[in-house]
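A closer look at the structure
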Amino acid sequence: MQQKRSTILHPEWGTIIITHNARARRMILRARRDAIYITLPPFATKKDVENALTAHGSKLKEQQSNIPERSIQKRFTIEAESFSLRLQQSPVRSLRLTGSSGAYTLHYPATLNFEDEATQQKLRSAINAALTHRAKETLPARLAQLAAQHNMHYTSCTIRSSHTRWGSCSSRGTISLSSYLVLLPQQLIDYVLRHELCHTVEMNHSPRFWALLDTLCRTSSKALRAELKSYNTLF
Ligand SMILES: [Zn+2]
């Protein structure tokens, strides 16, 4: 299903990221560290959004302030199954990313001030670049492999830095995958890829969809889905 996304800077509630979802039945509001995320069903109006924010805004802001901001320091590392990253002081003038086969080193100059907010932003975007690099290197190939294995067909595959969804599949068969998938164990990555492939056959979450997914996973997909919920895209 096509999704339209817009970001607004609300005078009272800060950054709001709105996703229009044709399949949503009701409005969903979620607090994340970087913004309040709103999923909008068709026909919802600006006024509906304002009303919802008036009703739930302060609770969301409170939730938001309780989400720990893990600042990136010299000893920061990511150790996932197919992705690792560490920081290293090097004779560089600005941040520089090196690495291959999923093992990355982010080089920083000795003078870098880790307490500076702009620096933290730059560190995060460098880490995001590494995640996207690895995602592009591995996910489309794995998707093609699984599609061939299950004899399923999709049109194309795109990688996005999506915090809100691991993956999605449009009615045209375009599969979109979050770059943060590379932070997951392989069996969960495969679960998400198979999930999206099933949407090329069943554009819904009907019992038929889950039955098909169970067949592809060769097990009940329920356990995998529960396990996936214990992961998030924050690093
Ligand atoms: Zn789905």
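Details of the structure are given in the entry above.
Here we summarise the structure given alongside this text. (Residues numbered from 1 in each chain as written. Predicted model: local features only at pLDDT ≥ 70, side-chain atom pairs only at ≥ 80, totals over all residues.)

Side note on helix α3 (residues 186-199)
- An ideal rise of 1.5 Å per residue puts 20 Å on 14 residues; α3 measures up with 20 Å between its terminal C-alpha atoms.
- All of the buried residues along α3 are I189, Y191, V192, L193, R194, H195, E196, L197, C198 and H199.
- Packing partners of the buried residues in α3 comprise α2 (117-150), β10 (167-169), β11 (174-178), α4 (207-217) and α5 (221-229). (Helix = DSSP H or I, 4+ residues; strand = E, 2+ residues; numbered from the N terminus. Expected span 1.5 Å × (residues − 1). Buried ≥ 20, exposed ≤ 12 C-beta atoms within 10 Å, placed from the backbone. Contact = placed C-beta atoms within 7 Å.)

Notes on the sheet that holds strand β6 (residues 84-89)
- The four strands are arranged β5-β6-β8-β7 in an open sheet whose pairing can be described as mixed. On the outer flanks of this sheet lie β5 (77-79) and β7 (96-100), each paired with one strand and no other. Each strand of the sheet is rotated relative to its neighbour by a mean of 25 degrees, with strand direction disregarded.
- Those strands touched by α2 are β6, β7 and β8 (103-108), and its axis lies near 25 degrees from that of β7. (Pairing = 2+ DSSP bridges. Axes fitted to C-alpha atoms, helices over the stretch in contact; angles between N-to-C directions.)

Overview of the sheet that holds β11
- The strand order β9-β11-β10 describes an open sheet built from three strands, whose pairing is mixed. Two strands in the sheet have a free side with no partner beyond their single neighbour: β9 (156-160) and β10. Neighbour-to-neighbour, the strand axes of this sheet turn through a mean angle of 15 degrees, independent of strand direction.
- Note that β10 and β11 share three bridges and pair antiparallel. The partner of C169 across the bridge, within β11, is I175.
- Relative to the sheet, α2 contacts β9 and β11, its axis offset from that of β9 by approximately 155 degrees.
- α3 rests against β10 and β11 of the sheet, and its axis sits at about 15 degrees to β10.

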